[in-house]
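As a plain string of letters, each chain reads:
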Amino acid sequence: MPPFQGSITALITPFKDGSLDEGAFRKFVEWQVDQGTHGLVPCGTTGESPTLDHGEHRRVIELCIEAVAGRVPVIAGTGSNSTVEAIELTRHAKAAGADGALVVTPYYNKPTQEGLYLHYKAINDAADIPIVIYNIPGRSVVDMSVETMARLFELKNIVGVKDATANLARVSQQRAAMGSEFVQLSGEDATALGFMAHGGAGCISVTSNIAPALCSEFQLACLAGNYKRALELQDRLMPLHEALFVESNPGPVKYAAAKLGLCGGETRLPLAPITDATRKRVDEAIEAAGLKPV
């Protein structure tokens with residue numbers, strides 16, 4: 001079995017009056033585990049990592065690991081467009097007890113494929129922890145090629161990818177280049193069904209913040225090859241998958257979490273409060289999925 005699989009939640013980070021709400025975060029993590037989530041990612045994009053200072057970043061990872069208490073894997077977001085900073089964050093995640101590190105391709109710098117290789121190799125060499133590459137060209141501007149990924153998989157600690165390209169052909173291409181042991185996790189809820197059919201192992205999900213039980217059931221159905229049931233769940237979840245990205249993530253999902261009584265919906269600038277039109281669309285999607293306040 002792959003080290004990471006199934007429904008893995010890209011956790012939101014609750015704030016209260018501009019500060020990290022530790023109590024709400026602990027409760028949220030506990031609820032996620034109780035609902036059947038198979039793994040957790042603190043400090044990803046959905047966790048507003050760009051606006052967390054280094055102390056907050058480390059604290060969120062530590063809180064998550066403490067609350068989980070070994071029940072499910074924790075894959076800490078430790079990426080940066082500074083290789084030195086990514087190494088520091090990854091070493092901290094290892095020391096804190098994380099099961100893996102999710103490392104995004106360096107954004108803004110626009111490195112070449114060789115630059116991408118050397119970036120991940122430096123992290124691989126500096127921190128002895130399983131590393132999942134996060135390939136998301138839409139946010140980072142760079143797209144890691146299959147060839148570069150295959151080179152990286154030869155290194156000791158590179159175990160897989162969170163693929164947010166929405167290109168389902170990539171799953172088969174990467175599977176052909178690296179084999180079934182390379183752990184492929186979808187980074188996009190809407191296309192996770194096709195991703196799994198192509199040989200994926202799971203999804204690092206935004207929707208599972210508010211629908212963890214449904215997302216868990218969906219992933220278990222896929223892993224069992226029961227695509228009839230998976231399609232039924234996909235149809236139920238699809239309005240949420242779409243509504244949660246009408247505006248920049250995590251604005252809509254934080255609004256949904258607040259509406260369901262999970263935590264506050266506060267985001268940090270430069271993310272603005274979502275519009276009334278988006279709220280209405282999220283409300284309708286919540287109703288279509290049959291979600292109820294906790």
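Considering the overall build of the protein chain
Then, in step 1: Counting secondary structure elements, the protein chain contains twelve helices and ten strands.
Then, in step 2: Over its C-alpha atoms the protein chain spans a radius of gyration of 18 Å, differing by no more than 12% from the 19 Å that the globule rule assigns to 294 residues.
Then, in step 3: In terms of overall dimensions, the protein chain has C-alpha extents of about 45 × 45 × 35 Å along its principal axes.
Then, in step 4: For the protein chain, the residues scored as buried account for 53% of the 294 residues in total.
Then, in step 5: For the protein chain, contacts bridging at least 24 residues in sequence account for 72% of all contacts bridging at least 6.
Then, in step 6: Counting only carbon and sulfur atoms, one obtains 52% of the accessible surface of the protein chain, whose full area is about 11900 Å².
Then, in step 7: Of the charged side chains in the protein chain, 26 are positive and 33 negative; the average position of the first set lies 1 Å away from that of the second.

Digging into the packing of aromatic side chains
Then, in step 1: For the coordinates displayed, the defined rule picks out two aromatic pairs.
Then, in step 2: A ring pair is formed by Phe153 and Phe182, whose centres lie 4.9 Å apart and whose planes are at 75°; its orientation type is edge-to-face. In this pair, Phe153 sits in helix α6 (residues 146-153) while Phe182 sits in the loop between α7 (169-178) and β9 (183-186), placing the two residues 29 residues apart along the sequence.
Then, in step 3: Residue placement shows Arg151 over the ring face of Tyr117; its charged tip is 3.7 Å from the ring centre.
Then, in step 4: Taking NZ or CZ as reference, Arg268 lies 4.2 Å from the ring centre of Phe15, over its face.

With respect to the sheet that holds strand β1 (residues 6-10)
Then, in step 1: Taken in spatial order, the eight strands make up an open sheet running β4-β1-β10-β9-β8-β7-β6-β5, and their pairing is parallel. Among the strands making up the open sheet, the edge pair consists of β4 (39-41) and β5 (75-77). Each strand of the sheet is rotated relative to its neighbour by a mean of 30°, with strand direction disregarded.
Then, in step 2: In this structure, β1 lies alongside β4, joined through three bridges in parallel fashion. Bridging across to β4, Ile8 finds its partner in Gly39.
Then, in step 3: Packed onto the sheet, helix α9 (residues 212-223) meets β1 and β10 (202-205) and runs at close to 145° relative to β1.

The rules behind each value
- Residues numbered from 1 in each chain as written.
- Predicted model: local features only at pLDDT ≥ 70, side-chain atom pairs only at ≥ 80, totals over all residues.
- Heavy atoms only, no water.
- Helix = DSSP H or I, 4+ residues; strand = E, 2+ residues; numbered from the N terminus.
- Rg over C-alpha atoms; globule rule 2.2 N^0.38 Å.
- Buried < 20%, exposed > 50% of the residue type's maximum accessible area, 1.4 Å probe, protein only.
- Contact = heavy atoms within 4.5 Å.
- Areas by Shrake-Rupley, 256 points an atom, 1.4 Å probe, with all protein chains shown as cover.
- Lys, Arg positive; Asp, Glu negative; His and termini not counted.
- Charge placed at Lys NZ, Arg CZ, Asp CG, Glu CD.
- Phe/Tyr/Trp six-rings, centres within 6.5 Å; stacked < 30°, edge-to-face > 60°.
- Lys NZ or Arg CZ within 6 Å of the ring centre and 35° of its normal.
- Pairing = 2+ DSSP bridges.
- Axes fitted to C-alpha atoms, helices over the stretch in contact; angles between N-to-C directions.

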